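Residues per chain are reported as follows:
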Amino acid sequence: QMSSNIKSLLLCSITVVASIFTNAQTLKKIILDENDIHSGHYIVVEPENKDSISGVLILLAGFGQVPENTPPETKLHNVAYSNNILTVFTLLEISYMLIR
């Protein structure tokens, strides 16, 4: 019984500590073309302080991937979030569409 209580307390403590040091980030999907499920959208991570964005980090998905594949592969958006940098996950062809 005592061992079970200690395990529960330890698990609870780890959860509390992890939640204190975790930045809450939201991935927003911006749709440009609802008919194009592969390249008709991009993903945005807004920084912690949206009122004072200091830059933009654009990360391109790898060959054959969609923007959703990129965030789990990198931690750059975590650093950008803390430094008030807007992060955009996109494909090269969408970047071209936005510039035109």
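This report concerns the structure included in the present document. Please read all numbers here as calculations on a predicted model, not as lab measurements.

**Focus on the pattern of salt bridges**
Where side chains of opposite charge bring their charged atoms close, a pairing between them can arise. Evaluation of the coordinates by the stated rule reveals three salt bridges. The partner of Lys-50 in a salt bridge is Glu-46, and the shortest N-O contact between them spans 3.1 Å. Under the relative-accessibility criterion, Glu-46 is labelled partly exposed at 24%. It is possible to trace a salt-bridge network through shared partners that takes in Lys-28, Glu-46 and Lys-50.

**Notes on a nonpolar patch on the surface**
Nonpolar side chains collect at one region of the surface, where Val-56, Ile-58, Leu-60 and Leu-92 lie side by side and expose about 410 Å² of accessible area between them. Top element by residues in the nonpolar patch is strand S3 (residues 55–60). It accounts for three residues. Of note, Leu-60 is situated in strand S3.

**So, the sheet that holds strand S2 (residues 41–45)**
In spatial order, the strands read S1-S2-S4-S3; together these four strands make up an open sheet with mixed pairing. Unpaired on one side and paired on the other, strand S1 (27–31) and S3 mark the two borders of the sheet. Neighbour-to-neighbour, the strand axes of this sheet turn through a mean angle of 25°, independent of strand direction.

**Some points on the environment of Asp-33**
Counting through the fold element by element, Asp-33 comes out in the loop between S1 and S2. Here Asn-35 takes part through its backbone nitrogen, which lies 3.0 Å from a polar atom of the side chain of Asp-33.

Calculation notes
- Residues numbered from 1 in each chain as written.
- Predicted model: local features only at pLDDT ≥ 70, side-chain atom pairs only at ≥ 80, totals over all residues.
- Heavy atoms only, no water.
- Salt bridge = Lys/Arg side-chain N within 4 Å of Asp/Glu carboxyl O.
- Buried < 20%, exposed > 50% of the residue type's maximum accessible area, 1.4 Å probe, protein only.
- Patch = residues over 30% accessible without salt bridge, like charges linked within 9 Å, V, L, I, M, F, W, Y side chains within 5 Å.
- Areas by Shrake-Rupley, 256 points an atom, 1.4 Å probe, with all protein chains shown as cover.
- Helix = DSSP H or I, 4+ residues; strand = E, 2+ residues; numbered from the N terminus.
- Pairing = 2+ DSSP bridges.
- Axes fitted to C-alpha atoms, helices over the stretch in contact; angles between N-to-C directions.
- Polar contact = N/O pair within 3.5 Å; in protein donor to acceptor, adjacent residues only side chain to side chain.

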